[in-house]
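Structural features, examined
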Amino acid sequence: MAELLDKCIGSKVWLLMKDDKEYVGSLVGFDDYVNMVLENVTEYDYALGKTKMKKLLLNGSGVAVIVPGGDGPDYATFEVVNRQEPVEDHEWR
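By convention here, each chain's residues receive numbers from 1 onward along its written sequence. Two thresholds apply to this predicted model, a pLDDT of at least 70 for residue-level local features and 80 or more for giving and counting side-chain atom pairs, whereas whole-chain, interface and lining totals are computed over all residues. Hydrogens and water are ignored here; the side-chain numbers use all heavy atoms of the structure.

1. Things to note about the environment of E39
Let me state the cut-off plainly: A run of H or I in DSSP becomes a helix once it reaches four residues, and a run of E becomes a strand once it reaches two; helices and strands are each numbered from the N terminus. Buried residues are those whose accessible area, probed at 1.4 Å on protein chains only, stays under 20% of the maximum for their type, while exposed residues exceed 50% and partly exposed ones sit between those limits. We call two residues in contact whenever any of their non-hydrogen atoms come within 4.5 Å of each other.
By the element assignment, E39 lies in strand β3 (residues 36–45). Take E39: its relative accessible area is 31%, and that puts it in the partly exposed class. C-alpha separation for the pair E39 and M53, spaced 14 residues apart in sequence, amounts to 7.6 Å. Discounting chain neighbours no more than four positions away, the residues touching E39 are G25, S26, V28, K54 and K55.

Put into structure tokens, the structure is as follows:
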């Protein structure tokens, strides 16, 4: 795994996490536990949507899949799912 990540330093990676989040960014570095530092990161959270960050320190224990050069989910079709509908006030009798 370390050899693959060494080749990815400075390149774009797509990380699929165990908690239904995904990250796309440039790999700056990593350690023996696969903790990673990414730059120019986009976080895709299927409950909250898309968030952009300059830098991110990511805990390697949560990584499920690493895709070198991946662009992440289809940008055109990414939408928020599991959106909470507003709860209406009800009068109790």
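2. Considering the environment of G49
Structurally, G49 is set in strand β4 (residues 49–58). Of the residues examined, G49 reaches a relative accessible area of 5% and is grouped as buried. In this structure, the C-alpha to C-alpha distance between G49 and K21, residues 28 residues apart in sequence, is 9.7 Å.

3. Quick notes on the sheet that holds β4
Going by this rule: By this definition, two strands are paired if DSSP reports at least two bridges between them. Every angle, taken between N-to-C directions, lies between 0 and 180 degrees, and every axis is a line fitted to C-alpha atoms, over only the stretch in contact when it is a helix.
Spatial strand order, β4-β3-β2-β1-β5: five strands in an open sheet with antiparallel pairing. Both outer strands of the open sheet, β4 and β5 (63–68), are each paired with one neighbouring strand and no more. Here the average twist between neighbouring strands, direction ignored, is 25°. Strand direction decides the pairing type here: strand β1 (residues 12–17) and β5, joined by five bridges, are antiparallel. Each bridged residue has a counterpart across the sheet, and for M17 the counterpart in β5 is V63.

4. Section: the pattern of salt bridges
Put simply, the rule is: Salt bridges are defined as contacts in which a side-chain nitrogen from Lys or Arg sits within 4 Å of a carboxyl oxygen from Asp or Glu.
If you walk through the whole model with that rule in mind, you get four salt bridges. With a shortest N-O distance of 3.1 Å, K12 and D71 are connected by a salt bridge. Of this pair, K12 sits in strand β1 while D71 sits in the segment after β5, and the two are 59 residues apart along the sequence. We note a salt bridge from E43 to K21, for which the minimum N-O separation is 3.8 Å. Residue E43 is located in strand β3, and its partner K21 is located in strand β2 (residues 21–30); the two are separated by 22 residues in the primary sequence. Each of the salt bridges in this network shares a partner with another, and the network as a whole consists of K21, E43 and D45.

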